[in-house]
Amino acid sequence: MKGRLSTLVWAAACAAVLSGCYQGLQSGSRTEGPAGRALFDPSNNGEWTLAWSDEFNGTGLDSSKWSYDTGTGSWGWGNNELQYYTDRTDNVQVTGGNLVITARREDFGGMPYTSGRIHSQGKFSAHYGRIAARMKLPEGLGVWPAFWMLGQDFDGQNWPAIGELDILEMRGGQDYTASAASHWDQPGVGHAMYSESLTLSEKLSADYHVYMIEWDTQYIKISLDGEVYWTFDNFWCEEGGTPDPKAKTEFQFPMYILFNLAVGGNFFDPALTSPSMITASFPQAMLVDWVRVYEKADTLYRPWTPGGSSVNLFSETRPENDFLAEDDWNAIDAWADTVTLESVSSPVREGSEALKLTAGTQGWLGMGMSSLTGKSLENFADGYLRFSIRTTSAANLKVGMKSGPIMEQWVTLNGSYGYNPDGTWKDISIPLSDFMSQNQYFNVTQLSQLFMLVSTGGFGAGDTFYLDNVHFWTDNPKTGTDDPVVDDPVVDDPVIDDPVIDDPVIDDPVIDDPVVTAGYSFTGTLPNGYIDGQQVAYTTTASYADGIVTVTFSGGEGFEWVWLFTPGFQAMTYAGNGTWKAELEGYSLGDKLDYRFTVRKNGQEANNVGASHLWTVAESSAAEEPQTPSGYSFTGTLPNGLINGAPVAYTTTAVLEGTDLRITFNGGAGFEWVWLYSPGFTAMKDMGGGRWEAVLPGYSAGTKLEYRFTVRKDGQEANSVGAPHVWTVAP
């Protein structure tokens, strides 16, 4: 046999695991300083070796190590903050042995504040080790200093699938408390996070402190002056403990470093959305004495970096650098549950075996050669991906490679590469530069999929594709670069510690029950992610007959797959003309149906959860908006969070009075505050008896109103955004 074959569903569910079982971990040497806090040595008396640093002892920012982010981040980063990031020395400078990032109260670029944000993307990324910075923080309500990391493949649109580690954040106004967090893409859920905090007896602005992350394949921990207060189990698994190359891998790949000082935004509770809500005095400065990255032999990541002229993926005539034999974390996978992949003895291009891929009944097919630990082809960057293929199928085929947890690049298989589906063997040669040139963050030193072949149309069920002699080749062979050391990730029984799911209402808006004569119908866009820079427009319907609900998704041609995320988790069947269909059994009139989609097109996954469509199964028509003679009325519960262990029950109404809209929230007594999250961000007035009210001017009949609440009671915030209430204003 040339290799181990396995069949996997593309989107395998996997548990993200938070630490609940660690004993005390070695935190390093500590010496008490005159201020009473520890003077912490991240090297642990030389046990860790300094690998990279910036001591900030010059007179300007080192452009070989750092780049600026400028603007507001509205195109792909930012959290509704109030600053404009600049590259001016007014906001970022190196002076007095410090990096000094200064936030100022000044109008600039349409924003009321300026500040600075720098990053090392494309210049330096860390992959395990200790990453530490000695910093002195600003103070006051509204400032938000941060020292953090993002996956090196971040392109402005693929967060959180590339992962984020927040080594230090501080909510100004809580000036004694440091916090740390991780953000990732939880399979089956979407954006998830885990955070902890540590409160000192003095303000973090009073003196310098060392903020550090220690990171390897098994765990991540974050400390302040060596005091560990945040830990995270850094491994991935399937039920039963089998590693899955398509499960959570965000924190197994390199990440780059960022420093910034924000002003206002969603990090605060409630969010600070205008200068009138901010009480810090300006200017405020964040001082960084140094940032250092340390390595140690038993945590150092060494990717497989073969030399020579060839890397064998599936070949018998090229024995050097055998991909499958290198370690236990490689596999050849068939994707989509109706596709089969097998090793056959005829026909073959070379040797005695070939791969046979047989198309199923789904609207897409695919296979890949994956690695959990990542492989480096830096010695083959001027080389070629070569393979032989034989088919008579009219399928539209694409060949791809993937770096890190998410960054995929594809080329269309056509005659320019030697392809012709005439039923004879064709030898394909694709320059690696054709993949590398598509995106500046595509990294051939961290490949998690070395070869992918997919089709999203043009084939028929039963079509066959034969593959053989799959390998990489270079005309400039390297020697002496192969490193056999592989840090295999630790797989253990998962400890589920209920990761915090951030803001499911924004990520997964509820589209609530517009019932039409034939059932349910909705036209709109998927809220999460983009395909080719655009949200996915689609129409979905749900109809009922004889105990079967038929759900459709219609978004046009080109989708590789559409999954019905809930109920269940099942692949939809391609029905032609850009429409996908699923039939759900066991429903009766009056049953509640909640369904969501996740889709993939052009090698990009646009939605991890999808908008939630709620429908009471019916065959009759009903009003799209529950209206009362006086306007809009709704009774229900806030969907996010609990107060005293129970959802918040409330009634809301909206009434047009002349050109004013009067909105009420009635949830009973005891609320500390109720905010009208949108439109605007407005504190509602306590009218007594559990009733809160806001008046919005400038409305007329026919105007579309969408409003949401966030509330606080008994010291607990029950909702970060609130259920959306959509009403076409009527007298």
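These numbers were taken from a predicted model, which means no experiment stands behind them.

## Some thoughts on the overall build of the protein
Next, step 1: Counting its regular elements, the protein contains three helices and 55 strands.
Next, step 2: Relative to its 731 residues, the protein shows a buried fraction of 56%.
Next, step 3: Of the contacts made within the protein by residues no fewer than 6 positions apart, 71% connect residues no fewer than 24 positions apart.
Next, step 4: Of the accessible surface of the protein, which amounts to about 27,900 Å², a share of 47% is contributed by carbon and sulfur atoms.

## What about the confidence of the model for the protein?
Next, step 1: Residues at a pLDDT of 70 or more form 80% of the protein, whose mean pLDDT is 79.
Next, step 2: When mean pLDDT is taken per element in the protein, strand β10 (residues 117–119) scores highest with 97 and strand β32 (residues 500–501) scores lowest with 28.
Next, step 3: In this model residues 1–38 is a low-confidence stretch, pLDDT under 50, and it forms 127 contacts with partners more than four residues away in sequence or in other chains.
Next, step 4: Confidence over residues 620–629 falls short of pLDDT 50; this stretch has 20 contacts with residues more than four positions distant or in other chains.

## Remarks on the nonpolar core
It is characteristic of soluble globular proteins that their nonpolar side chains tend to be buried jointly.
Next, step 1: In this structure, Phe147, Ile257 and Phe259 are the most contacted members of the largest nonpolar core, which totals 65 residues.
Next, step 2: Top contributing element to this core by residue count: strand β19 (residues 255–263), with six residues.
Next, step 3: Not counting the four nearest positions on each side in its chain, Phe147 is found in contact with Ile131, Ala132, Ala133, Met135, Asp166, Ile167, Leu168, Tyr211, Ile257, Leu258, Phe259 and Val291.
Next, step 4: Counting residues in hydrophobic clusters, the runner-up holds 54 residues, among them Trp304, Leu357, Ile428 and Val470.

## Details of unusual backbone geometry
Next, step 1: Here the bond from Phe282 into Pro283 is cis, since omega is 5 degrees, no more than 30 degrees from zero.
Next, step 2: Structurally, Pro283 can be placed in the loop between β19 and β20 (284–295).
Next, step 3: Across the junction of Ser346 and Pro347, the peptide omega takes the value -5 degrees, indicating a cis bond.
Next, step 4: Its location among the elements puts Pro347 in the loop between β23 (340–344) and β24 (354–358).
Next, step 5: Positioned with a positive phi, Asn44 is a non-glycine residue whose angle comes to about 55 degrees.
Next, step 6: Within the fold, Asn44 resides in the loop between β3 (38–41) and β4 (49–54).

## Digging into the pairing of strand β30 (residues 447–455)
Next, step 1: In terms of burial, β30 is largely enclosed, as nine of its nine residues are buried.
Next, step 2: Pairing of strand β27 (residues 397–403) with β30 involves six bridges; the strand directions are antiparallel. When the bridges of β30 are listed, Ser403 appears paired with Leu447.

## What about the packing of aromatic side chains?
Next, step 1: Counting across every chain of the model gives 29 aromatic pairs.
Next, step 2: With centroids separated by 5.9 Å and ring planes inclined at 80 degrees, the aromatic side chains of Tyr650 and Phe709 adopt a geometry described as edge-to-face. Of this pair, Tyr650 sits in strand β47 (residues 649–657) while Phe709 sits in strand β53 (residues 704–713); the two residues are 59 residues apart in sequence, bridging distant segments of the chain.
Next, step 3: Seen in terms of ring centroids, Tyr707 and Phe709 are 5.7 Å apart; in terms of plane orientation they differ by 85 degrees. Their pairing is edge-to-face.
Next, step 4: Residue Tyr707 is classed as buried on the basis of its relative accessible area of 0%.
Next, step 5: Residue Phe709 is classed as buried on the basis of its relative accessible area of 0%.
Next, step 6: Joined through ring pairs, the aromatic side chains of Trp52, Phe56, Trp66, Phe124, Phe147 and Phe259 make up one cluster.

## Some points on the pattern of salt bridges
Next, step 1: One pass over the structure, following the stated rule, counts 20 salt bridges.
Next, step 2: Of the charged contacts in the structure, one is a salt bridge between Glu106 and Arg88, with a shortest N-O distance of 2.6 Å. You can see Glu106 sitting in strand β8 (residues 98–108) and its partner Arg88 sitting in the loop between β6 (83–85) and β7 (92–95), a full 18 residues away along the chain.
Next, step 3: Residue class for Glu106 comes out partly exposed when judged on its relative accessible area of 23%.
Next, step 4: A relative accessible area of 22% places Arg88 in the partly exposed class.

## Considering empty space enclosed by the protein
Next, step 1: Using the criterion set out here, one finds four cavities of 30 Å³ or more in the structure.
Next, step 2: If you add up the space inside the second largest cavity, you get close to 50 Å³.
Next, step 3: Tallied by class, the residues present in the lining of the second largest cavity amount to three nonpolar, five polar and one charged.

## Focus on the pairing of strand β36 (residues 537–545)
Next, step 1: The side-chain alternation of β36 yields one buried face, formed by Tyr538, Thr540, Ala542 and Tyr544, and one unburied face, formed by Ala537, Thr539, Thr541, Ser543 and Ala545.
Next, step 2: One ladder, built from seven bridges, connects β36 with strand β37 (residues 548–554); its direction is antiparallel. Residue pairing across strands places Ala545 opposite Ile548, the latter belonging to β37.
Next, step 3: Taken together, β36 and the strand that follows it, β37, pair antiparallel across an intervening segment of two residues, in which Asp546 is found at a positive phi of about 55 degrees.

## So, the environment of Asp382
Next, step 1: Within the fold, Asp382 resides in the loop between β25 (365–375) and β26 (384–390).
Next, step 2: By relative accessible area, Asp382 is classed as partly exposed at 41%.
Next, step 3: Linking Asp382 and Thr474, residues 92 residues apart in sequence, is a C-alpha distance of 6.6 Å.

## Focus on the side chain of Thr391
Next, step 1: Counting through the fold element by element, Thr391 comes out in the loop between β26 and β27.
Next, step 2: For Thr391, the side chain forms a polar contact with the main-chain oxygen of Thr464, separated by 2.7 Å.
Next, step 3: In contact with Thr391, other than residues within four places in its own chain, are Tyr419, Pro421, Asp422, Gly423, Thr464 and Phe465.

Basis of the calculations
Residues numbered from 1 in each chain as written. Predicted model: local features only at pLDDT ≥ 70, side-chain atom pairs only at ≥ 80, totals over all residues. Heavy atoms only, no water. Helix = DSSP H or I, 4+ residues; strand = E, 2+ residues; numbered from the N terminus. Buried < 20%, exposed > 50% of the residue type's maximum accessible area, 1.4 Å probe, protein only. Contact = heavy atoms within 4.5 Å. Areas by Shrake-Rupley, 256 points an atom, 1.4 Å probe, with all protein chains shown as cover. pLDDT = per-residue confidence, 0-100. Core = buried A, V, L, I, M, F, W, Y, C linked by side-chain atoms within 4.5 Å. Pairing = 2+ DSSP bridges. Phe/Tyr/Trp six-rings, centres within 6.5 Å; stacked < 30°, edge-to-face > 60°. Salt bridge = Lys/Arg side-chain N within 4 Å of Asp/Glu carboxyl O. 1 Å grid on protein atoms, 1.4 Å probe; cavity = no way out; pocket = protein on both sides within 12 Å on 5 of 7 lines; lining within 4 Å. Points joined across faces, edges and corners; volume = space filled by probe spheres on them. Nonpolar A, V, L, I, M, F, W, Y, C, P; charged D, E, K, R; others polar. Polar contact = N/O pair within 3.5 Å; in protein donor to acceptor, adjacent residues only side chain to side chain.

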